[in-house]
Amino acid sequence: MSELRVASRYAKSLIELAAEKGVLEQVHNDMKLFSSVVSENRDFQMLLRNPIAKSDKKLAILNGIFSGKVEELTLMFFNIVARKNRESLLEFVATEFETQYNLMKGIQRAQVVSAVPLTPELRQQLGEKLANETGKTIQLEEMIDPSLIGGFVLTVGDKQIDSSVKHSLRKLKNNFKDNSYINKL
């Protein structure tokens, strides 16, 4: 079975149990904390993936790092995953948990890439417009790419709107390549 499929099942079980126990927000924060620790610490990530390291040692490290910082349910979940020798899946479970949490709460992630930082007014207008279009709460992620020259590239789900100057110049260049004024024999 693929890692993503197994991680999805673990994440679904955890999110349902957390919702049932009334600690969904705390577990969500725990999973975000776990994801940030994994992404910031390559050694920790490699330890979780290492098949030679024993599960009880990995569990001791997980408990040492997260004990007192996360919800009891999250620690119990780590314990169950470690007993099944599936520690390498924890980072995928955290990512999938975030995806399922957003789906459950009606949150849509959007990414906007612009040449300059967005002003607070523009950020708010964009968020409101996207919320009206999608009917969901928008979680906007901003990136800056000076090569766009001007404008923006907006990605929401699997849709992308490219209103950048760079894109317009590329289209114009392609139009000039197709010279319609030359007779074609």
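Just so we're clear, the structure is a prediction, and the values are computed from it rather than from any experiment.

Engineer: An account of the pattern of salt bridges is requested, with residue identities and associated values reported.
Structural biologist: One pass over the structure, following the stated rule, counts five salt bridges. Among the ionic pairs, glutamate 25 bridges to lysine 105, the shortest N-O distance being 3.4 Å. Of this pair, glutamate 25 sits in helix α2 (residues 24-40) while lysine 105 sits in helix α6 (residues 90-105), placing them 80 residues apart in sequence. A relative accessible area of 35% means that glutamate 25 is categorised as partly exposed. Residue lysine 105 is classed as partly exposed on the basis of its relative accessible area, which comes to 41%.

Engineer: Could you give an account of the nonpolar core, with specific residues and numbers?
Structural biologist: Ranked by internal contacts, the top residues of the largest apolar core, which has 29 residues, are Phe34, Leu62, Phe66, Phe77, Phe78 and Phe97. Per element, the largest residue contribution to this core is seven residues, and it comes from helix α1 (residues 3-21). Ignoring anything within four residues of it in the chain, the contact list for phenylalanine 97 reads Ala11, Leu14, Ile15, Leu24, Val27, His28 and Met31. Core analysis: the second largest hydrophobic core is formed by eight residues, Ala110, Val112, Leu118 and Leu154 among them.

Engineer: Residues and numbers for unusual backbone geometry, please.
Structural biologist: A positive phi angle, near 60°, is found at asparagine 85, a position not held by glycine. Asparagine 85 gets classed as exposed once you look at its relative accessible area, which sits at 55%.

Engineer: Hey, could you go over the side chain of serine 114 for me, with residue numbers and the actual values?
Structural biologist: Summarising the element assignment, serine 114 is placed in strand β1 (residues 107-114). Among the residues examined, serine 114 registers a relative accessible area of 5% and is labelled buried. Among residues more than four places away in sequence, those in contact with serine 114 are Met143, Ile144, Asp145, Leu148, Gly151 and Phe152.

Engineer: Quick rundown of the packing of helix α3 (residues 42-49) against helix α4 (residues 55-66)? Include the residues and the values.
Structural biologist: At their nearest, the axes of α3 and α4 sit 10 Å apart, and the two run at 145° to each other. The chirality of how α3 crosses α4 is left-handed. Along the contact surface, α3 presents Phe44, Leu47 and Leu48, while α4 presents Lys58, Ile61, Leu62, Ile65 and Phe66. Considered class by class, the residues forming the contact of α3 with α4 number seven nonpolar, no polar and one charged.

What counts and how
- Residues numbered from 1 in each chain as written.
- Predicted model: local features only at pLDDT ≥ 70, side-chain atom pairs only at ≥ 80, totals over all residues.
- Heavy atoms only, no water.
- Salt bridge = Lys/Arg side-chain N within 4 Å of Asp/Glu carboxyl O.
- Helix = DSSP H or I, 4+ residues; strand = E, 2+ residues; numbered from the N terminus.
- Buried < 20%, exposed > 50% of the residue type's maximum accessible area, 1.4 Å probe, protein only.
- Core = buried A, V, L, I, M, F, W, Y, C linked by side-chain atoms within 4.5 Å.
- Contact = heavy atoms within 4.5 Å.
- Axes fitted to C-alpha atoms, helices over the stretch in contact; angles between N-to-C directions.
- Left-handed = near helix turned anticlockwise from the far one by under 90°.
- Nonpolar A, V, L, I, M, F, W, Y, C, P; charged D, E, K, R; others polar.

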